[in-house]
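This is what each chain is made of:
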Amino acid sequence: VDFSIETFSSELGDVEIISNEKQRKRLSKDFSWFSPVLKDFFEGYEADVVVKPTTEEQVAQVVKTCVAHSVPLTLRGSGTGNYGQSTPMFGGVVMDMSAYKQPLWLKGGVARMQAGMRLAEVNKWTVPEGWEMRTMSSTFRLATVGGFFAGGFGGIGSITYGRLGERGNVLGAKVMTVEAEPQVIELRGDDALDLHHAYGTNGILLELEFAMAPALAWAEAIVVFDDFMDAARFGQALGEAGGVVKKLDTVLADPIPQMIELGDYAKPGQHVALVIIAENALQPMAEIAAEHNGTVAKQVAPEEVSDSNTLIEYTWNHTTLRALKQYKDVTYLQSGFRAGKNLEQIEHMYQHFGDEVPMHLEFLNIGGMMTCSGIQIVRYTTRERLDEIIAYHEAHDVHIANPHTHILEDGHNSGEADPRQLARKKAYDPKGLLNPGKMRAWGEVTELDNVG
Ligand code: FAD
């Protein structure tokens, strides 16, 4: 690598450069510390310089300079990813996209915006026009659309609209290539999805076009159960109730409610469901709860819900964050229970692991079928035991999207390269400068096993 910060900076024109050491270190990190394995692994990796473009011309200038000097280029939205996705493993440049954030247009239920726009800002823009994000990570206040698309999975809204990568949710993307003369390419439909969950390894997302959902008045509720499987069956039944409009259907087994300060609603030994539903669905939801021996312990009307007063930040990976704040020895799993036999699998795992792996379920629509993802809390002892827990799930046909690896293929594709992602990488980043070290199919990853 032919690189000196002085040379580099002098060629960048008017792009903002962050060279303050504290800032540079902070902007080289994400939330990989959720994993005890990744926390150790990522120690010490940082950018040589962070840049913060505000225009397409500035992004192109950064790209040209990186290519000219063969400098690695790692993209960052807000750095809320969990697998060190935006941490540079070979130094070089971190390009912070969070100031490239203009809304572009909104029409006919479709919104187009620059990649650095935060999810909460998208809603602030579109809700007054009657539209909202179909699905958002629980980090919606911070996360950017580009980071969510390149690093995320789904979240609030996935109960109805499925994963972000479900066909139809993201309609297009404008992408810049990493070449001496960067090209700007518009990808539509499935082609745009080639950059989804690729950790920014195969192109720079400049703009995204999202299909939106009608914005409704959303109420929230906490339902309490004495029996865990009653709670799980309620989650499934609520998910399957086609006439009950909803955007969150979370089930937390005892003792998670106590661990994340929901003890005002659930006693020790009780399990909860956290739901966000249309106001007109409150009664049918309460009826489904009663059928499953659940009691509505709290109900919040739409006018009392706000970005700072919502159940959202008790769900998805915010459940783990809250548990980690109180208990240093916990971590988590990401599990895909199979539609059709998910309740059976859940019951088996619940009984098999007991308090070592407290159950956290997020119900969602996958390919038109109701199932759930597990974001179970794990009481961490050793890496070997964590691997055993993962292997046990996989041996029982529960897919694990391993959150304890930085390698793209191991995190989501069970070790398999995605040929379409790789083809885009070859075409859009022929020198392999984008986020090196994350895509095994490209060749230069450091396996976790080789780290002492
Ligand atoms: P970053 O972390 O900055 O980046 C993520 C990846 O995208 C990186 O690989 C980066 O290189 C790449 N990237 C960023 N911008 C671009 C760009 N313009 N072009 C190309 N690549 C780019 N995830 C979920 O899916 N659902 C959840 O509910 C959820 N909850 C979470 C809760 C907590 C407490 C935490 C810590 C994480 C959670 N996550 C969740 C993970 C993470 O928040 C999401 O993936 C989030 O949307 C990432 O957005 P970001 O802007 O912070 O991206």
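Basis of the calculations
- Residues numbered from 1 in each chain as written.
- Predicted model: local features only at pLDDT ≥ 70, side-chain atom pairs only at ≥ 80, totals over all residues.
- Near = placed C-beta within 6 Å.
- Helix = DSSP H or I, 4+ residues; strand = E, 2+ residues; numbered from the N terminus.
- Nonpolar A, V, L, I, M, F, W, Y, C, P; charged D, E, K, R; others polar.
- Pairing = 2+ DSSP bridges.
- Axes fitted to C-alpha atoms, helices over the stretch in contact; angles between N-to-C directions.
- Contact = placed C-beta atoms within 7 Å.
- UniProt positions renumbered as here; feature names shortened; annotations may be inferred.
- Left-handed = near helix turned anticlockwise from the far one by under 90°.
- Parallel < 35°, antiparallel > 145°, perpendicular 65-115°, else oblique.
- Expected span 1.5 Å × (residues − 1).
- Buried ≥ 20, exposed ≤ 12 C-beta atoms within 10 Å, placed from the backbone.

In the annotation of an unreviewed UniProt entry, the chain is listed under the name FAD-FMN-containing dehydrogenase protein and assigned to Salinisphaera shabanensis E1L3A.

Asker: Give a description of the site of the ligand that names residues and reports values.
Answerer: In the vicinity of the ligand, 38 residues are found, and the nearest of them are Gly77, Gly81, Gly147, Gly151 and Gly200. It is helix α6 (residues 145-151) that contributes the most residues to the shell around the ligand, five residues altogether. A breakdown of the residues in the shell around the ligand according to their chemical character gives 13 nonpolar, 23 polar and two charged.

Asker: Could you give an account of the sheet that holds strand β1 (residues 16-18), with specific residues and numbers?
Answerer: Either a parallel or an antiparallel arrangement is found when strands of a sheet pair, and the pairing is made through backbone hydrogen bonds. With mixed pairing, four strands are arranged side by side in an open sheet as β1-β2-β4-β3. Where the open sheet ends on each side, the last strands, each with one partner, are β1 and β3 (73-76). Neighbour-to-neighbour, the strand axes of the sheet open up by a mean angle of 30°, direction not taken into account. By the bridge criterion, three bridges tie strand β2 (residues 49-52) to strand β4 (residues 93-96) in an arrangement that is parallel. What sits directly across from Val51, in β4, is Met95.

Asker: Outline the sheet that holds strand β18 (residues 369-374), supporting the account with residue identities and numerical values.
Answerer: The antiparallel open sheet is built from eight strands, whose spatial order is β14-β11-β13-β12-β17-β18-β16-β20. Pairing within the sheet leaves two strands with one partner each, and these edge strands are β14 (295-300) and β20 (399-400). Here two bridges tie strand β16 (residues 335-336) to β18, and the two strands are oriented antiparallel to one another. Each residue of the ladder has a partner; that of Gly336, found in β18, is Ser373. Most of the contacts of helix α9 (residues 228-240) go to strand β12 (residues 246-252), to which it runs at about 165°, and overall it touches β11 (218-225), β12, β13 (271-278), β17 (360-366) and β18.

Asker: Break down the UniProt feature "domain: FAD-binding PCMH-type" (unreviewed entry) in the chain for me, citing the residues and quoting the values.
Answerer: Sites flagged by UniProt as "domain: FAD-binding PCMH-type" (unreviewed entry) map to residues 42-215. The distance separating the terminal C-alpha atoms of residues 42-215 is 40 Å; by composition the span is 21% helix and 28% strand.

Asker: Describe the packing of α9 against helix α11 (residues 282-291), with residues and values.
Answerer: Two quantities define a packed helix pair, namely the angle between the axes and the distance from one axis to the other. At their nearest, the axes of α9 and α11 sit 9 Å apart, and the two run at 145° to each other. For α9 against α11, the interelement crossing comes out right-handed. Here Phe234, Ala237 and Leu238 of α9 come into contact with α11, specifically with Met285, Ile288 and Ala289. Each residue belonging to the contact of α9 with α11 can be placed in one class, and the counts come to six nonpolar, no polar and no charged.

Asker: Residue-level account of the packing of α9 against helix α13 (residues 342-353), with values.
Answerer: Interhelical geometry of α9 versus α13 gives an angle of 155° and a closest axis separation of 11 Å. Between α9 and α13, the crossing angle belongs to the class labelled roughly antiparallel. Considering only the axes of α9 and α13, their crossing is right-handed. For the pair α9 and α13, contact is made by Phe228, Met229, Ala232, Arg233 and Gln236 and by Leu343, Ile346, Glu347 and Tyr350, respectively. Broken down by class, the residue content of the contact of α9 with α13 amounts to six nonpolar, one polar and two charged.

Asker: Talk me through α9; I want residue IDs and the actual numbers.
Answerer: Taking 1.5 Å of rise per residue, 13 residues should cover 18 Å, and α9 covers 19 Å from first to last C-alpha, within 8% of that figure. Within the span of α9, buried status applies to Phe228, Ala231, Ala232, Arg233, Phe234, Gly235, Gln236, Leu238 and Gly239.

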